[in-house]
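# Descriptive structure summary
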Amino acid sequence: MNFKRTGSIVAIAAVGTMLLASCASNEGGASPSGDASASDLSGSISGIGASSQQAAQEAWVAGFQTANPDVTINYDPQGSGGGRESFISGAADFAGSDRAFKTDEISSSTFAGCTPDTGIVELPAYVSPIAVVFNLDGVDELNLTPATIAGIFSGKITTWDAAEIKADNPDADLPSTGITAVHRSDDSGTTENFTDYLHETAGDTWTEEADGTWPTAFGGEGASGTTGVIDAVTNGTGTIGYADASRAGDLGVAKVKVGDDFVGYSAEAAAAIVDESPEEEGRTDGDIAIALDRTSTAAGVYPIVLVSYLIACESYEDAAKGELVKAYLSYVTSEDGQKVAADAAGSAPISSTLSGQVADAIALIK
């Protein structure tokens, strides 16, 4: 089944390095439906995970806590790998991840905060393109084929005037500056999505399987988190990296070749590739994972996209935690919650079709 994604993705700057939100009745942002004064929810929950969600989480927490002033929600953007590990160990009540758990990871893991022998819920809640960003004096735009991108990040293409880059950009004045390719040093869902794109589209130029950990054989400069990559590219010379497109700022951004065209990132292009992609097979009703078709050559698609998930227990050992997680995720994935994130973080709101399936998944939480 294909799902429609609509909305607008805008460039923003994420605020802070860690969100530790307390009661936010004096903060702005849309509130969940209902009268805030009538809320009887209280307590605290903690989430750990994807840094791509950071600005969205700030907006979601502010909106939810405005309507529920006796609730405290903490979100630590350690990265997708840290989020999944923390959720398994029970250190996080929910996780944010730029990929869903693999089915064998679910079957082989014991989730400490969940009631034994119950499943997990995974909700696609944040959709964003991954931008290939660069900092090269005198060059603001580049066209790059998948093989050229793979050659740069694998260390096979080492200068900006290399023949492969010239072939993609015959009219550009490319200097002989050396290339410094910046990658995530932490276990990152953004890296997994980026390496999945290269594995699926770059042929023999990229020999590694998709993975959240950067292949050490390819070298390059490592930086922690989305902020670390953006800072390293911004402060370097001849640098190139990959990051959630909302963080591209004033850096140069490459268009990537899809079929016969070079396509830049946009809300419409990100939605188009997700529209082309089916749901993964072998999942439970509450485990909603999208199998992105990065090889699609349909007009207007942008293939380097992440679908970021929120992950929770179907049944919590601590029922009070389950009640709060259920209420929070209901808000996050509601029309109001998705609009707040779109305004604050540039994410594309999930479609009405997917929203119904997500609501059914959340209903399983207890």
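Keep in mind that this is a model prediction, so the values were computed, not measured.

## Quick notes on the overall build of the protein
Scanning the protein for helices and strands turns up 11 helices and 12 strands. Burial status across the protein gives 54% buried among its 366 residues. Across the protein, every contact between residues at least 6 apart in sequence was considered, and the portion connecting residues at least 24 apart equals 77%. Element-wise, carbon and sulfur atoms account for 46% of the exposed surface of the protein, whose accessible area totals about 14300 Å².

## Description of helix 6 (residues 189-201)
The terminal C-alpha atoms of helix 6, which comprises 13 residues, lie 18 Å apart, in line with the 18 Å expected from a rise of 1.5 Å per residue. Along helix 6, the residues classified as buried are Gly 189, Thr 190, Thr 191, Glu 192, Asn 193, Phe 194, Thr 195, Tyr 197 and Leu 198. Downstream of helix 6 by a residue or two, Gly 203 has a phi angle that is positive, lying close to 60°.

## Topic: the pattern of salt bridges
Inspection of the entire model under this criterion finds 11 salt bridges. Of the charged contacts, one joins Arg 283 and Asp 287 as a salt bridge, the two residues approaching to 2.9 Å between their closest N and O atoms. What makes Arg 283 buried here is its relative accessible area of 16%. Classification of Asp 287 by relative accessible area gives buried; the value is 4%. Put simply, Arg 99, Lys 102, Glu 105 and Glu 192 are held in one network by salt bridges that share partners.

## Notes on the pairing of strand 12 (residues 305-313)
Burial within strand 12 is extensive, with nine of its nine residues counted as buried. Residue alternation in strand 12 divides its side chains into two sets, Val 305, Val 307, Tyr 309, Ile 311 and Cys 313 and Leu 306, Ser 308, Leu 310 and Ala 312, and both sets are buried. In this structure, strand 5 (residues 120-135) lies alongside strand 12, joined through nine bridges in antiparallel fashion. By the bridge assignment, Ser 128 is partnered in strand 12 with Leu 306.

## Examining the confidence of the model for the protein
Taken as a whole, the protein shows an average pLDDT of 88; of its residues, 90% reach a score of 70 or greater. A low-confidence stretch, residues 33-37 stays under pLDDT 50, and its non-local contacts, those more than four residues away or across chains, total four contacts.

## Some remarks on the packing of aromatic side chains
Per the counting criterion, the structure on display carries 14 aromatic pairs. On the numbers, 5.5 Å between centres and 80° between planes, the contact of Phe 101 with Phe 111 is edge-to-face. Within this pair, whereas Phe 101 is found in the loop between strand 4 (94-97) and helix 3 (103-108), its partner Phe 111 is found in the loop between helix 3 and strand 5, the two being separated by 10 residues in sequence. A relative accessible area of 2% places Phe 101 in the buried class. Look at Phe 111 and you get buried, because its relative accessible area is 9%. Members of the aromatic cluster, joined through ring pairs, are Phe 153, Phe 194, Trp 206, Trp 214, Phe 218 and Tyr 242.

Thresholds applied
Residues numbered from 1 in each chain as written. Predicted model: local features only at pLDDT ≥ 70, side-chain atom pairs only at ≥ 80, totals over all residues. Heavy atoms only, no water. Helix = DSSP H or I, 4+ residues; strand = E, 2+ residues; numbered from the N terminus. Buried < 20%, exposed > 50% of the residue type's maximum accessible area, 1.4 Å probe, protein only. Contact = heavy atoms within 4.5 Å. Areas by Shrake-Rupley, 256 points an atom, 1.4 Å probe, with all protein chains shown as cover. Expected span 1.5 Å × (residues − 1). Salt bridge = Lys/Arg side-chain N within 4 Å of Asp/Glu carboxyl O. Pairing = 2+ DSSP bridges. pLDDT = per-residue confidence, 0-100. Phe/Tyr/Trp six-rings, centres within 6.5 Å; stacked < 30°, edge-to-face > 60°.

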